[in-house]
Amino acid sequence: MHIAHVTSFYSSPALLPSSVVRSRGLAYQAAGHEFSIIIPGVDSSVTWTEYGTVVTVPARGRALTRGFVPIAKAVRRAVDTLAPDQIEVADRLSARELGSWAQRNRVPAVLLIEDGAAEWATGRTPLGFDQIVHTGAANLERHGSCGAEEAHSPAIASDSRGAVDRVLSVPSGVNLEVFSPLRHNSTLRDSSGADLIVVCAAPLTAAGSVSVAIEVVRERVSQGEDLHLVVLGDGPLRARLERSALGMPVQFLSAHDLTLIERAEVFATADVAIVTTSGSWGHASALESLAAGTPTILTTACNERLAFVDGGGLTVAPDLTHIAHALRVLVDIPVEERRSAARKTALPHDSLAQERRMISLHETLATISNGQPAPSDAVPS
């Protein structure tokens, strides 16, 4: 089937699509399905990638703010053109419009919500959605793994097609095959020439807080240490951050100029990762770094918590002093020991189970939509 994903139009265009969505696209295609992603951007475009077709809808200035109706209509037009068999919507702005579209066109629809949007979705769920899927990371600590669980929530959605009566919880994870210590790139490592390589993957926005990582490097270099920082991200503050890093060993890489494999190589080649941003972006970056065998410093500014295997990482206050201290602690641990600990920390968070769960959900909804009884082990309950 053809599955269309509408990503969040609340984010800056340069930040999309996320590596989590890319990984899901690879899984959908491996299962024999076609995958398209609708994202906001500057100009209309269609790009074919290894994880699916990316359709860009123009969104300028105020078009990214809440309630700007023309964007919802533009997304609807994009969906009309794609004519998918099913849609999954991660965007509040166009959810109501697309729910109505799905209902009119008898297309199964899934609403994806994260932790911050849970109250919105359960409080006034748009009609037309057959399933609500909670994709936030909050359940990781409670369940102790990334296996999909059904949350025991009250009935929140119903329509003429008999929507399910529960929120399906599919916590975020990491592709352990793509993000692996085996992605270590000696050529990339040698091109730096530094004793210590640190990576900071985050959106280049105020919320991304990349400036903290830059200041840590400034302090370490001023003390005579041979350190190289790789900033992996996109966003409106790139030019400002580049100016602040002039004269320092700081390299900026556009996250969307890299394939997933290339992104994994950056993580696997670094010695330590610093995660300064909150939400799904920060959690995804932390898991990707850990899966690649790179110990990670996670700041308490991030909403999520990870149970680090000793030596695999540290959670510290989001300030220069604490991050710099954590960096010293992790670097003092023998390389193989800290890399092994990082990988072990990521192992319980394999995204394979979630991706299979989503595939099963879509295939079950397709069966129901075609008027056939759902299998006894169907995901919707």
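Before any of the text, the structure's been laid out above.
Attention in this report is confined to the structure presented alongside it. Note that this is a predicted model, so its numbers are computed, not measured.

### Here's the deal with the overall build of the protein
Phase 1: If you tally the helices and strands in the protein, you get 13 helices and 15 strands.
Phase 2: Every one of the 381 residues in the protein was classed for burial, and the buried ones make up 55%.
Phase 3: Across the protein, the fraction of contacts at a sequence separation of at least 24, relative to all contacts at a separation of at least 6, is 63%.
Phase 4: Of the roughly 16000 Å² of accessible surface on the protein, 51% is carried by carbon and sulfur atoms.

### Remarks on the pairing of strand 2 (residues 34–41)
Phase 1: Most of strand 2 sits out of view: seven of its eight residues are buried.
Phase 2: Note that strand 1 (residues 2–6) and strand 2 share five bridges and pair parallel. Bridged to His2 within strand 2 is Glu34.
Phase 3: Note: strand 2 against strand 4 (residues 52–58), six bridges, orientation parallel. Residue pairing in the sheet places Ile38 in a bridge with Val55 of strand 4.

### Thoughts on the side chain of Thr269
Phase 1: Considering the arrangement of structural elements, one finds Thr269 in helix 9 (residues 260–269).
Phase 2: Leaving out residues up to four positions away in the same chain, Thr269 has contacts with Arg183, His184, Asn185, Leu188, Arg189 and Ile197.

### Some remarks on the sheet that holds strand 11 (residues 227–232)
Phase 1: Reading across from one edge, 12-11-10-13-14-15 is the order of the six strands in this open sheet, with parallel pairing throughout. Sheet topology places strand 12 (250–253) and strand 15 (313–316) at the edges, where each strand pairs with a single neighbour. Adjacent strand axes in the sheet meet at a mean angle of 20 degrees when their direction is disregarded.
Phase 2: Helix 9 contacts strand 10 (196–201), strand 11 and strand 12 of the sheet and is inclined by roughly 135 degrees relative to strand 10.

### Digging into the pattern of salt bridges
Phase 1: According to the stated counting rule, one finds eight salt bridges in the structure shown.
Phase 2: Arg24 serves as the salt-bridge partner of Glu88, at 3.0 Å between the closest nitrogen and oxygen. Here Glu88, found in strand 5 (residues 86–89), pairs with Arg24, found in helix 1 (residues 19–30); they are 64 residues apart in sequence, far enough to count as distant.
Phase 3: A salt bridge links Glu242 to Arg238, with the nearest nitrogen and oxygen atoms 3.0 Å apart. Highlighted residues: Glu242 and Arg238, both in helix 8 (residues 238–244), separated by four residues, approximately one helical turn.
Phase 4: Salt bridges here are not isolated pairs; linked through shared partners, they connect Arg189, Asp271 and Arg338.

### Side note on empty space enclosed by the protein
Phase 1: The tally for this structure, following the rule as stated, stands at two cavities of 30 Å³ or more.
Phase 2: Roughly 50 Å³ of internal volume is contained in the second largest cavity.
Phase 3: Grouping the constituent residues of the lining of the second largest cavity by class yields three nonpolar, three polar and two charged.

### Quick notes on the nonpolar core
Phase 1: Within the largest apolar cluster, 30 residues are counted, with the highest numbers of intra-cluster contacts made by Val210, Ile214, Leu229, Val250, Phe252 and Ile297.
Phase 2: At the level of elements, strand 10, helix 7 (210–222), strand 11, strand 12, strand 13 (272–275) and helix 11 (320–331) are the ones that each hand at least two residues to this core.
Phase 3: Considering each element in turn, this core owes the most residues, six residues, to helix 7.
Phase 4: Sequence-distant contacts of Ile297, defined by excluding residues within four places in its chain, comprise Val272, Ala273, Ile274, Val275, Leu314, Val316, Ile323, Ala326, Leu327 and Leu330.
Phase 5: Listed in part, the 29 residues of the second largest apolar core include Leu260, Val266, Leu290 and Ala291.

### Some points on unusual backbone geometry
The phi torsion of most residues other than glycine is negative, and most of the peptide bonds are trans.
Phase 1: In this structure, Ala83 is a non-glycine residue whose phi angle is positive, near 50 degrees.
Phase 2: Along the chain, Ala83 turns up in the loop between helix 2 (69–82) and strand 5.
Phase 3: One non-glycine residue, Arg106, lies in positive phi territory at about 55 degrees.
Phase 4: By secondary structure assignment, the location of Arg106 is in the loop between helix 3 (92–105) and strand 6 (109–113).

### Section: the packing of helix 1 against helix 13 (residues 352–369)
Phase 1: Running from amino to carboxyl end, helix 1 crosses helix 13 at an angle of 55 degrees, the nearest separation of the two axes being 10 Å. Classed by the angle they form, the pair helix 1 and helix 13 counts as oblique. When you trace helix 1 past helix 13, the crossing you get is right-handed. Residues Ser23, Arg24, Ala27 and Tyr28 of helix 1 touch helix 13, and the partners they reach there are Glu355, Met358, Ile359 and His362.

Reading the values: the criteria
- Residues numbered from 1 in each chain as written.
- Predicted model: local features only at pLDDT ≥ 70, side-chain atom pairs only at ≥ 80, totals over all residues.
- Heavy atoms only, no water.
- Helix = DSSP H or I, 4+ residues; strand = E, 2+ residues; numbered from the N terminus.
- Buried < 20%, exposed > 50% of the residue type's maximum accessible area, 1.4 Å probe, protein only.
- Contact = heavy atoms within 4.5 Å.
- Areas by Shrake-Rupley, 256 points an atom, 1.4 Å probe, with all protein chains shown as cover.
- Pairing = 2+ DSSP bridges.
- Axes fitted to C-alpha atoms, helices over the stretch in contact; angles between N-to-C directions.
- Salt bridge = Lys/Arg side-chain N within 4 Å of Asp/Glu carboxyl O.
- 1 Å grid on protein atoms, 1.4 Å probe; cavity = no way out; pocket = protein on both sides within 12 Å on 5 of 7 lines; lining within 4 Å.
- Points joined across faces, edges and corners; volume = space filled by probe spheres on them.
- Nonpolar A, V, L, I, M, F, W, Y, C, P; charged D, E, K, R; others polar.
- Core = buried A, V, L, I, M, F, W, Y, C linked by side-chain atoms within 4.5 Å.
- Parallel < 35°, antiparallel > 145°, perpendicular 65-115°, else oblique.
- Left-handed = near helix turned anticlockwise from the far one by under 90°.

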